[in-house]
Amino acid sequence: MNNGAWALPEELKMLRDTARRFMQNDVKPAEDRAPHDACELPVADLAPLQKKARDLGLWCYRTPTEYGGAGLDLLGQAVIAEEASKCRMGAYIPACGAFGADPPNAIWLGNRDQIERFGIPAVERGQKVFVAISEPSGGADPARGIRTRAERRGDRYVLNGSKMWISGAGSADWGLLFARTGAQGERGGITCFIIDGNPKGLTKRRIGVIRAWSPYELHLEDVEVPVENRLGEEGQGFQLCEKWLVEGRVPYAAACVGIAQAALELAMDWARQREAFGSKLADKQAIQWMIADSEMELRAARLLVWQAAWTAALGGDLKTDASVAKVVATETAGRVVDRCVQIFGGLGVAQEMPLERWYREMRIKRIGEGPSEVHRMVLARTLLGGKGRR
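Residues numbered from 1 in each chain as written. Predicted model: local features only at pLDDT ≥ 70, side-chain atom pairs only at ≥ 80, totals over all residues. Heavy atoms only, no water.

Draft legend 1. Quick look at the layout of surface pockets. Estimates place the volume of the second largest pocket at around 550 Å³. Along the wall of the second largest pocket there are 20 residues; nearest its centre are Lys 28, Lys 86, Leu 266, Pro 354 and Trp 358. When residues of the lining of the second largest pocket are traced back to their parent elements, those giving at least two are helix 1 (10-32) and helix 6 (237-273). Looking at the lining of the second largest pocket element by element, the count peaks at six residues for helix 1. When the residues that make up the lining of the second largest pocket are grouped by side-chain class, the tally is seven nonpolar, three polar and 10 charged. (1 Å grid on protein atoms, 1.4 Å probe; cavity = no way out; pocket = protein on both sides within 12 Å on 5 of 7 lines; lining within 4 Å. Points joined across faces, edges and corners; volume = space filled by probe spheres on them. Helix = DSSP H or I, 4+ residues; strand = E, 2+ residues; numbered from the N terminus. Nonpolar A, V, L, I, M, F, W, Y, C, P; charged D, E, K, R; others polar.)

Structure follows, in structure tokens:
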């Protein structure tokens, strides 16, 4: 508590300030040397950043400490995700990759052999991992949409089907792929598999989209996966999928708040110095209201993100709060970045500024991790069914 108001714990404030200084003093100068739509830094620039991040205790901050990560809870993850997003490629490459890439949390629910073969090396070596859920038939309703099939034949499964919109698949060392082992439409008919490397029969095709970081289409034709690479039991895939999605929505939402906050700070600096029609932009009511609205909406979005994280810390049902935070944060970020582009005028859509890239990437955030409409539908069902009321 701080003067009667809720405040971040002191240790998280210190960690936030450390991350903020690291982003400003180390990451930003390295990214400034990279092309506007770059999705990675040269090894010569990235390696020293990653070493410093490890020394600062910020490496793989979503991964448990027992497996080599920073082990932050969801509130800590949200705080760091907000800071890590404040760079040009931060919407999808937090801190330009300086903090590593946490493997999907579902891997820690595997057996010890799977954790040692895949999870721990991913953290130690900074490996890239994909998660393949969505298909051409749809992604927001995996229980019905997943049609990729996995048939067991002796000591292995044979997978056939296609996946769409899979981020990071092009350069991944391994991935988690969800396929159907039961009847179509059954939630209990989905199973999770670890795809090691690039097995025979797996092809990948880059899909060009409005963001700089392109997703991939995966096509599986008689891809063989050994039984020991099945994560969990047959039919447990939906639970594993949901754990990854629900918990991931909290830092996902926080990152959107971070980008919008960075955009707003740029716009405020511009408004203070830019003159038009005989006065500063900052003196004009139209601009003042755009800035005031943006600040109010960002404060509300941030507190909803923290509320979701707090619900998880108390052992409550995170699903509803995570959905609320995700929808509000992504939609708020889109509005705020749009206003900031407007304040800058023509410069707002020029590649001299990060705003036009953030504008494109914030548009996708309302679709990824579940479209806003699906979250609203689920929330309404929960409320009308008598659940989720405070």
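Once the structure has been displayed, the description carries forward.
Draft legend 2. Examining the UniProt feature "domain: Acyl-CoA oxidase/dehydrogenase middle" (unreviewed entry) in the chain more closely. Taking the numbering used here, the UniProt-annotated feature "domain: Acyl-CoA oxidase/dehydrogenase middle" (unreviewed entry) corresponds to residues 132-223. Helix makes up 4% of residues 132-223 and strand makes up 48%, while its end C-alpha atoms are separated by 14 Å. (UniProt positions renumbered as here; feature names shortened; annotations may be inferred.)

Draft legend 3. Expanded view of the packing of helix 3 (residues 74-84) against helix 6. At a closest axis distance of 7 Å, the pairing of helix 3 and helix 6 adopts a crossing angle of 30°. Here helix 6 runs roughly parallel to helix 3, going by the angle between their axes. When the axes of helix 3 and helix 6 are compared, the crossing they make is right-handed. Residues Leu 74, Gln 77, Ala 78, Ala 81 and Glu 82 of helix 3 pack against Glu 247, Val 250, Pro 251, Ala 254, Ala 255, Val 257 and Gly 258 of helix 6. (Axes fitted to C-alpha atoms, helices over the stretch in contact; angles between N-to-C directions. Parallel < 35°, antiparallel > 145°, perpendicular 65-115°, else oblique. Left-handed = near helix turned anticlockwise from the far one by under 90°. Contact = heavy atoms within 4.5 Å.)

Draft legend 4. Region of interest: the UniProt feature "domain: Acyl-CoA dehydrogenase/oxidase N-terminal" (unreviewed entry) in the chain. Residues annotated by UniProt as "domain: Acyl-CoA dehydrogenase/oxidase N-terminal" (unreviewed entry) correspond here to residues 10-96. Its end C-alpha atoms 26 Å apart, residues 10-96 is made of 55% helix and 0% strand.

Draft legend 5. Seen up close, the packing of aromatic side chains. Overall, the coordinates contain seven aromatic pairs when judged by the stated rule. Relative to Trp 213, the ring of Tyr 92 lies with its centre 6.1 Å away and its plane at 40°, an arrangement referred to as tilted. Residue Tyr 92 is found in the loop between helix 3 and helix 4 (112-125), and its partner Trp 213 is found in the loop between strand 6 (202-206) and strand 7 (216-226); the two are separated by 121 residues along the sequence. Under the relative-accessibility criterion, Tyr 92 is labelled buried at 14%. Under the relative-accessibility criterion, Trp 213 is labelled partly exposed at 24%. (Phe/Tyr/Trp six-rings, centres within 6.5 Å; stacked < 30°, edge-to-face > 60°. Buried < 20%, exposed > 50% of the residue type's maximum accessible area, 1.4 Å probe, protein only.)

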